Amino acid sequence: MLNYSFSIAELEYFLLILVRTMGFIFSAPFFSDPSVPRNVKVGYGLLFSVLLYNILPSQAVVYSSIIGYSVIVIKETITGLIIGYGANLCSTILAFAGHIADMEIGLSMVSMMDPTTRTQVTISGMFYQYTVGLLLFISGLYQYILLALKESFVLIPINGAIFSSERFLQSMLEFLKDYISVGFRICLPVFCAMILLNAVLGMLAKVSPQLNMFAVGIQIKVLLGLFIMFVTAGMLPRVSSLILSETKTVVTMFVESMM
């Protein structure tokens, strides 16, 4: 017969681990996918919480009343949401790169609903997100974000989070700087090819004004853009490693902002 006993203090500590883990699960990449049933997410959260409770050293939770404990619960939930959101934030770089590429190719008006984020995205954005997302899953991004959750309990103990708007603002500014630079690096081959094509079409328009370069250029841009994306598909593993390193940087900055 299974005989397992615990004290009220241990139950309170486990519940605080659980709320941070559940906040992380509902905002982290892969786990927060809308296609994953909620009961599966809850099961993941309970499993990870039990494992973390057995791994982490026990810690006394100090509070004065039920209101004080409720404040600690809210703090732990926000902490988990912020850490998971920081890991999930870097996926928007791929959508930005795809949007820039489609603007240059001429497919910016062609958009579709992304079932994972429930937002309108372009064709190239969907291509980058699903392809790089698969590569990130193969490269073990889910292992890193789970280790980040575990290390967050060491760096930010229970009821130890300090929310500073100034440090969060600095972290967001650093991310926005990398957001633009990394996004343009991803779509740079298409961007450069379109600039060269526009220069060639401009010279042809001067040489042969009777030709309708606008009508010809639209078709050439689509064909050339798709060809460049096909040729540069071998660079996507490097893109996935770039997104992985950026995810590690953003998660580290967000955790340091709460220390």
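Our structure's up above, just so we're on the same page.
Small disclaimer: the values here were computed from a predicted structure and weren't measured. (Residues numbered from 1 in each chain as written. Predicted model: local features only at pLDDT ≥ 70, side-chain atom pairs only at ≥ 80, totals over all residues. Heavy atoms only, no water.)

## Focus on the overall build of the protein chain
Counting its secondary structure elements, the protein chain contains ten helices and two strands. Seen in sequence order, the protein chain has helices and strands lined up from the N terminus as α-α-α-α-β-β-α-α-α-α-α-α. On C-alpha atoms alone, the protein chain measures out to a radius of gyration of 24 Å, which is more than a quarter above the 18 Å that the 2.2 N^0.38 rule sets for 259 residues. On the principal axes, the C-alpha backbone points of the protein chain span a range of 85 × 45 × 30 Å. (Helix = DSSP H or I, 4+ residues; strand = E, 2+ residues; numbered from the N terminus. Rg over C-alpha atoms; globule rule 2.2 N^0.38 Å.)

## Section: the environment of Leu 197
Mapping Leu 197 onto the fold places it in helix H8 (residues 188-207). When the C-alpha positions of Leu 197 and Ile 220 are compared, they lie 8.5 Å apart, and in sequence the two are 23 residues distant.

## Section: the packing of aromatic side chains
If you walk through the whole model with that rule in mind, you get eight aromatic pairs. Here the aromatic rings of Phe 14 and Tyr 53 are separated by 5.8 Å at their centres, their planes lie at 85 degrees, and the arrangement is edge-to-face. Residue Phe 14 is located in helix H1 (residues 8-25), and its partner Tyr 53 is located in helix H2 (residues 38-55); the two are separated by 39 residues in the primary sequence. Residue Phe 14 shares its accessibility class with Tyr 53, and that shared class is buried. Feature note: the residues Phe 96, Phe 175, Tyr 179, Phe 184 and Phe 191 constitute an aromatic cluster, connected by ring pairs. Directly above the ring of Phe 153 sits Arg 20, whose terminal nitrogen or CZ lies 4.3 Å from the centroid. One Lys or Arg, Lys 248, reaches over the ring of Tyr 144 and ends 5.4 Å from the middle of that ring. (Phe/Tyr/Trp six-rings, centres within 6.5 Å; stacked < 30°, edge-to-face > 60°. Buried < 20%, exposed > 50% of the residue type's maximum accessible area, 1.4 Å probe, protein only. Lys NZ or Arg CZ within 6 Å of the ring centre and 35° of its normal.)

## Notes on the pattern of salt bridges
Following the criterion strictly, the structure yields three salt bridges and no others. A salt bridge links Lys 177 to Glu 174; its shortest N-O distance comes to 3.2 Å. Residue Lys 177 and its partner Glu 174 are located together in helix H7 (residues 165-186), separated by three residues, close to a single helical turn. (Salt bridge = Lys/Arg side-chain N within 4 Å of Asp/Glu carboxyl O.)

## Examining the packing of H1 against helix H6 (residues 141-155)
Where H1 contacts H6, the axes come no closer than 11 Å and their chain directions differ by 145 degrees. The hand of the H1/H6 crossing is right-handed. In this structure, H1 contributes Ile 17, Arg 20, Thr 21 and Phe 24 to the contact, and H6 contributes Ile 145, Leu 149, Ser 152 and Phe 153. Each residue belonging to the contact of H1 with H6 can be placed in one class, and the counts come to five nonpolar, two polar and one charged. (Axes fitted to C-alpha atoms, helices over the stretch in contact; angles between N-to-C directions. Left-handed = near helix turned anticlockwise from the far one by under 90°. Contact = heavy atoms within 4.5 Å. Nonpolar A, V, L, I, M, F, W, Y, C, P; charged D, E, K, R; others polar.)

## Quick look at the side chain of Glu 76
Its location among the elements puts Glu 76 in helix H3 (residues 66-89). What makes Glu 76 buried here is its relative accessible area of 0%. Ignoring any residue separated from it by four or fewer positions in sequence, one finds Glu 76 in contact with Leu 16, Val 19, Arg 20, Pro 157, Ile 158, Asn 159 and Gly 160.

## A short note on helix H4 (residues 91-105)
An ideal rise of 1.5 Å per residue puts 21 Å on 15 residues; H4 measures up with 22 Å between its terminal C-alpha atoms. Two residues or fewer after H4 comes Gly 106, characterised by a positive phi angle close to 110 degrees. (Expected span 1.5 Å × (residues − 1).)

## Section: the environment of Ala 28
On the secondary structure map, Ala 28 appears in the loop between H1 and H2. In this structure the C-alpha to C-alpha distance between Ala 28 and Val 222, which are 194 residues apart in sequence, comes to 35 Å. Among all residues touching Ala 28, those that are not within four sequence positions of it are Gly 84, Asn 88 and Ile 145.

## Some points on the nonpolar core
Ranked by size, the top nonpolar core spans 62 residues in total, and within it Ile 17, Ile 93, Ile 158, Ile 186 and Ile 243 carry the most contacts. Discounting residues that sit within four places of it in the chain, Ile 158 has contacts with Tyr 13, Leu 16, Ile 17, Arg 20, Gln 59, Val 61, Ile 72, Glu 76 and Phe 153. (Core = buried A, V, L, I, M, F, W, Y, C linked by side-chain atoms within 4.5 Å.)

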